[in-house]
Amino acid sequence: MAGAARRGGSAVCRSRDPAVYRSRDPIRNLRLRVRIQRVSPAGPLLPRVPPPAGPERPGRADRAADAGAVPLRVTAASRAGAQRPREDEEEEVEVGWQEKLFSQFEVDLYLNESACQTPLDWQYHEEIRKLEKAGGRKNCRIFTYTDHDRFTNLEELCQKVTDSDHEVPSYLVERMANVRRRRQDRRPVEASSLKSKIITWEPSEEFIKNNHVINTPVQTMYIMGDLGPYGKLGHREYENVLCTIKVDGNGVITVKPDFTGTKGAYRIELDGEKREVWEYTIENASAQVQPEEEEREQRVFRELYGRHRDYLNGLVGSDFEMPLPGTLRLFVNGEIVSAQGYEYDNLYVHFFLELPDQWSSSPFQQLSGVTQTCATKAVGLDNVAYFCYPFTVDIFYTQEDEDSLPQWPVLYFEVLSLDFWQRYRVEGYGSLVLPTCPGVHMLTIPTWRPVGLGPVAEMRRFFIGGSPELEDLTYVRIPSTFKGKRLSRFGFRTETTGSVTFRLYCLQQSRAFVENSALRQRMQSVLDRLGGFSQQSSVYNVLEAFQRARRRMQEARESLPQDLISTSASAVPHPLEP
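Please read all numbers here as calculations on a predicted model, not as lab measurements. (Residues numbered from 1 in each chain as written. Predicted model: local features only at pLDDT ≥ 70, side-chain atom pairs only at ≥ 80, totals over all residues. Heavy atoms only, no water.)

Draft legend 1. Quick peek at the environment of Gly466. In this structure, Gly466 sits in the loop between helix H10 (456–463) and strand S20 (494–510). Taking the C-alpha atoms as reference points, Gly466 and Val426, 40 residues apart in sequence, are found 7.2 Å from one another. In this view, Gly466 contacts Tyr424, Arg425, Arg460 and Arg461; residues no more than four positions away in its chain are not counted. (Helix = DSSP H or I, 4+ residues; strand = E, 2+ residues; numbered from the N terminus. Contact = heavy atoms within 4.5 Å.)

Here is the structure:
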């Protein structure tokens, strides 16, 4: 349909790609100006030859020479062509969106009452009778097919997807051809009247076929040209599509071919004995908006958008939720991505978050969870189980002692396996300190598991399941409940297993982060220093290492003999008394 589409005949035209436009204005304001002109007269044509010497004869010989060919001889047909009316050689029509211009074929068809069957046919019958009483139709060769005409339905059903002559339309192509019939003026279905399921867990093949169609309503209009010979207008085989306009519900306008502009006229060459050549142009004749109207329209849009913004602000509220003074809010969107390197298949992860002192959470906040059981797949040399299990943590830290350094929450987890016989085994334990820096963190945590003495424990693990387990998962690190000075793990046998990958999105919120003069004067407090996240992390590590070194020095001093301590103390010089 780029330039010509024939019924029962053939035409050659220069192919043009469609152009897509988008407009916020009502589509009823769209108007097109189409001008068609016969380039060469009827009769056999030859390639252009040099004109004979001598004076040039004015008249139609010049027009034939300009068309690229000259007639062999002057015949009765050529003399009849010279006497044709001007509207048969050239015509210009301005048409609006979905404006109906009848062709000679439709006039002859709908004037006959026996041919009228549908209400649309009778409507066309009355309109044509009014046109006949008013002196006949104004157009001659250019006419239109609107969205409701039969031609529009048949043309869309006959569209091809490929350039093959033996194309067989698929099921999807046949369904897509009926998309246009879904009208834009259909009333939306109320939410309370929906009876279909939102989720279909077991869709059938027929269900998939019926729902695999884009549901975008489209209206179509065709601008046609009757390129039949003089005196033979009204034959369907001479009808040619000059332009196709499609408009969807989103304001997208597709014009095929595009407006002529400066690219030159489109050319149609008809096959047959006479080989007539036609040229036509397509222009946008829509009324241009005056600067005053455009400014008024922009002002209306700004007011509308302002009201909509105020409405959204009213729904959301103007008060931004802030934590209490002296409180740090930590929000974590976490994901257990995968587990890899474990001995058995069908893995799942059990985890919980331990909050140190001065940390709290909402009573409804869930601080533990269990992932789904996931089978592993071979990725390189490892067997990887992809969980992609999300979890959310929203906790608060309240400062009570300005001299104490806040301890960060710890995420403890254990990896277990479950086989076909419902035998479960512990695959590994691990822990993760929540990052102190906000942002995205991708962490891979290695794990280990306890190992029993001798081969009996491993044989029990292989045949009947079960393995040595930790009664307290916090034993992976120093338990928070431990109050002693020494935590001995002597004789505790373990082996390294696989690793678990976490993806954490950390957000921190505190009034101390607000940059203003009042808060900048309180940079000595711990919460204010939390603004330097990287520095805080390094200072925390240094202080922790210093505490460990001090503890070891004290333990070493206590382990020394008492006589050596007393000797070293007596060797210290004392100042002389005056």
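Draft legend 2. Quick look at the nonpolar core. Ranked by internal contacts, the top residues of the largest apolar core, which has 31 residues, are Leu32, Ile36, Ile223, Met224, Ile245 and Tyr280. Here the element with the most residues in this core is strand S7 (residues 239–248); it accounts for five residues. Setting aside anything within four residues of it in sequence, one finds Ile223 in contact with Leu32, Val34, Val95, Ile142, Phe143, Thr144, Asn240, Val241, Leu242, Cys243 and Ile245. One finds Cys374, Val393, Ile395 and Trp408 within the second-largest nonpolar core, a separate group that totals 29 residues. (Core = buried A, V, L, I, M, F, W, Y, C linked by side-chain atoms within 4.5 Å. Buried < 20%, exposed > 50% of the residue type's maximum accessible area, 1.4 Å probe, protein only.)

Draft legend 3. Local environment of the side chain of Asp248. With respect to the element layout, Asp248 can be found in strand S7. In this structure Asp248 is buried but unpaired, with Arg22 as the nearest side chain of opposite charge at 6.2 Å. One polar contact links the side chain of Asp248 to the main-chain amide nitrogen of Val252, over a distance of 2.9 Å. (Lys, Arg positive; Asp, Glu negative; His and termini not counted. Salt bridge = Lys/Arg side-chain N within 4 Å of Asp/Glu carboxyl O. Polar contact = N/O pair within 3.5 Å; in protein donor to acceptor, adjacent residues only side chain to side chain.)

Draft legend 4. Examining the side chain of Glu106 more closely. On the secondary structure map, Glu106 appears in helix H4 (residues 104–110). Within polar-contact distance, the side chain of Glu106 engages the side chain of Lys100 at 2.8 Å. Residues within four places of Glu106 in sequence aside, it is in contact with Lys100, Leu101, Ile128, Thr144 and Tyr145.

Draft legend 5. Expanded view of the pairing of strand S8 (residues 252–256). Two elements, strand S2 (residues 19–22) and S8, share four bridges in a ladder whose sense is antiparallel. Bridging across to S8, Val20 finds its partner in Thr254. Relative to S8, S7 is paired through four bridges, and the arrangement is antiparallel. Note that in S8 the partner of Ile245 across the bridge is Val255. (Pairing = 2+ DSSP bridges.)

Draft legend 6. Summary view of the environment of Glu99. Tracing the backbone through its elements, the reader meets Glu99 in the loop between strand S4 (90–96) and H4. Along the chain, Glu99 and Asp147 lie 48 residues apart, while their C-alpha atoms are 10.0 Å from each other. Leaving out residues up to four positions away in the same chain, Glu99 has contacts with Arg31, Glu94, Thr144, Thr146 and Met221.

Draft legend 7. Summary view of unusual backbone geometry. In this chain, Lys256 is followed by Pro257 through a cis amide linkage whose omega measures 0°. Structurally, Pro257 can be placed in the loop between S8 and strand S9 (266–270). One non-glycine residue, Gln422, lies in positive phi territory at about 60°. Tracing the backbone shows Gln422 in the loop between strand S17 (410–418) and strand S18 (424–433).

Draft legend 8. Expanded view of the pattern of salt bridges. Following the criterion strictly, the structure yields 18 salt bridges and no others. Of the charged contacts in the structure, one is a salt bridge between Arg33 and Glu92, with a shortest N-O distance of 3.6 Å. Placement of the pair is Arg33 in strand S3 (residues 31–38) and Glu92 in strand S4, with a sequence separation of 59 residues. The salt bridge partner of Arg38 is Glu89, with a shortest N-O separation of 3.1 Å. Highlighted residues: Arg38 in strand S3 and Glu89 in helix H3 (residues 86–89), separated in sequence by 51 residues. Each member of the pair, Arg38 as well as Glu89, is classed as buried. Bridged by salt links that share partners, the residues Arg31, Arg33, Glu92, Glu94, Glu99 and Glu283 form one connected network.

Draft legend 9. Layout of the environment of Thr220. If you trace the backbone, Thr220 turns up in strand S6 (residues 218–226). Each C-alpha atom of the pair Thr220 and Lys246 lies 4.5 Å from the other, and the pair is 26 residues apart in sequence.

Draft legend 10. Spotlight on helix H9 (residues 291–316). Helix length check: H9 (26 residues) gives 37 Å between terminal C-alpha atoms against 38 Å at 1.5 Å per residue, within 8%. Remark: Gly317 follows H9 within two positions and exhibits a positive phi of approximately 100°. (Expected span 1.5 Å × (residues − 1).)

Draft legend 11. Representation of the sheet that holds S6 within the structure. Strand order in the open sheet made by the five strands is S2-S8-S7-S6-S5, with antiparallel pairing throughout. The outermost strands of the open sheet, each flanked by one partner alone, are S2 and strand S5 (142–145). Strand after strand, the sheet turns through a mean of 20° between neighbouring axes, direction not considered. Two strands pair when backbone bridges link them, and S6 and S7 are joined in this way by nine bridges, in the antiparallel orientation. Considered in S7, the bridge of Gln219 is made with Val247. (Axes fitted to C-alpha atoms, helices over the stretch in contact; angles between N-to-C directions.)

Draft legend 12. Summary view of the packing of aromatic side chains. Applying the stated rule across the entire model yields 16 aromatic pairs. Centroid distance Phe351 to Phe391: 5.3 Å. Interplanar angle 45°. Geometry classified as tilted. Of the two residues, Phe351 is situated in strand S12 (residues 347–354) and Phe391 in strand S16 (residues 382–398); the sequence distance between them amounts to 40 residues. Each member of the pair, Phe351 together with Phe391, is buried. Taken together through their ring pairs, the aromatic side chains of Tyr429, Trp448, Tyr475 and Phe492 make up a single cluster. Taking the ring centre of Tyr344 as reference, the NZ or CZ of Arg425 above it sits at 4.2 Å. (Phe/Tyr/Trp six-rings, centres within 6.5 Å; stacked < 30°, edge-to-face > 60°. Lys NZ or Arg CZ within 6 Å of the ring centre and 35° of its normal.)

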